[in-house]
Amino acid sequence: MRRFIPISLFLSILFVCQTKGQEFIAENRGANSQQRTIYLLPNVYPAVVINGDTVACMSLHDFIKYSPLRFNSTREQAQYARLIRDVKITLPYAKQIARIITETYEYMETLPDDKARQKHLNQMEKYLMDAYTPKMKKLTRSQGQLLMKLVDRETNSSSYHIIDAYMGSAKAFLYNAFANMFGNSLKKRYDPYNEDRMTERVCVLVEQGLF
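All of the points below concern the structure found in this document. (Residues numbered from 1 in each chain as written. Predicted model: local features only at pLDDT ≥ 70, side-chain atom pairs only at ≥ 80, totals over all residues. Heavy atoms only, no water.)

Details of the side chain of Q143
Structurally, Q143 is set in helix α4 (residues 141-155). Classification of Q143 as buried rests on a relative accessible area of 5%. Reaching out from Q143, the side chain makes a polar contact with the side chain of D86 at a distance of 2.8 Å. Filtering out sequence-adjacent residues up to four positions away, Q143 remains in contact with R85, D86, I89, T90 and K138. (Helix = DSSP H or I, 4+ residues; strand = E, 2+ residues; numbered from the N terminus. Buried < 20%, exposed > 50% of the residue type's maximum accessible area, 1.4 Å probe, protein only. Polar contact = N/O pair within 3.5 Å; in protein donor to acceptor, adjacent residues only side chain to side chain. Contact = heavy atoms within 4.5 Å.)

This is how it looks when you write it as structure tokens:
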């Protein structure tokens, strides 16, 4: 895989311009303001008129441009196609799990004591088992391994650490031992710069809607 070319510098310049435009709006909202709305399909952007020029104010998302891949064989091309398929299947699950973890943590912070927190964790564990076990059974072994790494990508924590933090060391050890029986490890970390650099490329392109 060739090195990707981030254009964060270009986006930073645009962000500064956007900020200046927003400041102009804030300072010119009086009765004499020339603020208008222009229509740039398919979206509608607010705009202001500065010295006769209409300036649109819009938010731009981060964008990463990768160099085209060159495959040495049809086997490599097929492996890349399978990786795209597997990421498209597992990445939504990883994002859902990350969202649930965040919401669970925030909610637990509002509970009065450890007993209430443990009760909520037990309820969440049952919910997750009921909701996700049928879906997880449909994943292949390689997809299951990929899912654990993508959970790490979304949470910056290994699956083992998450289970240890929320359910205790005993369950973390038990689940990891069970995973080891199938050649997996809950302690495996996501490495987007080396081992998982191709996976990171696919994840970014999927998130950008290019796959």
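Now that the structure has been shown, the text picks up again.
A short note on the nonpolar core
If you look at the biggest cluster of nonpolar residues, it comprises 28 residues, and the most contacted ones within it are V87, L91, L147, L150, Y166, V202 and C203. Contributions of two or more residues to this core are made by α2 (74-108), α3 (114-136), α4, α5 (159-167) and α7 (197-207). Here the element with the most residues in this core is α2; it accounts for 10 residues. Of all hydrophobic cores here, the second largest spans six residues; its members include M148, Y160, I163 and L186. (Core = buried A, V, L, I, M, F, W, Y, C linked by side-chain atoms within 4.5 Å.)

Points about the packing of aromatic side chains
Applying the stated criterion across every chain, the model contains three aromatic pairs. Judged by centre distance (6.5 Å) and plane angle (75°), the ring pair of Y80 and F211 falls under edge-to-face. With Y80 in helix α2 and F211 in the segment after α7, this pair connects stretches of sequence that are 131 residues apart. A relative accessible area of 12% places Y80 in the buried class. Each ring, one from Y93 and one from Y132, has its centre 6.5 Å from the other, and the planes form 80°; the classification is edge-to-face. On the criterion of sequence distance, the pair formed by Y93 in helix α2 and Y132 in helix α3 is long-range, its members being 39 residues apart. By relative accessible area, Y132 is classed as buried at 9%. In textbook terms, an aromatic cluster arises when at least three aromatic residues are bridged by ring pairs, as seen for F71, Y80 and F211. Its guanidinium or amino end placed over the ring of Y132, K135 lies 5.1 Å from that ring's centre, counting from NZ or CZ. Its guanidinium or amino end placed over the ring of Y160, K187 lies 4.7 Å from that ring's centre, counting from NZ or CZ. (Phe/Tyr/Trp six-rings, centres within 6.5 Å; stacked < 30°, edge-to-face > 60°. Lys NZ or Arg CZ within 6 Å of the ring centre and 35° of its normal.)

Details of the pattern of salt bridges
Working definition: two side chains of opposite charge can pair if their charged atoms are close together. For the structure on display, the rule yields 13 salt bridges. Between E207 and R153 there is a salt bridge, with the nearest N and O atoms lying 2.9 Å from each other. One end of the pair, E207, is in helix α7; the other, R153, is in helix α4, and 54 residues separate them in sequence. Overall, E207 belongs to the partly exposed group, its relative accessible area being 39%. Residue E195 pairs with K188 through a salt bridge whose shortest N-O separation is 3.9 Å. Under the relative-accessibility criterion, K188 is labelled partly exposed at 41%. (Salt bridge = Lys/Arg side-chain N within 4 Å of Asp/Glu carboxyl O.)

So, the packing of α5 against helix α6 (residues 169-180)
Contact geometry for α5 and α6: axes closest at 7 Å, N-to-C directions at 145°. Between α5 and α6 lies a crossing of right-handed hand. Taken together, the residues of α6 that come into contact with α5 (itself represented by Y160, I163, D164 and M167) are S169, K171, A172, F173, Y175 and N176. A class-by-class count of the residues in the contact of α5 with α6 yields six nonpolar, two polar and two charged. (Axes fitted to C-alpha atoms, helices over the stretch in contact; angles between N-to-C directions. Left-handed = near helix turned anticlockwise from the far one by under 90°. Nonpolar A, V, L, I, M, F, W, Y, C, P; charged D, E, K, R; others polar.)

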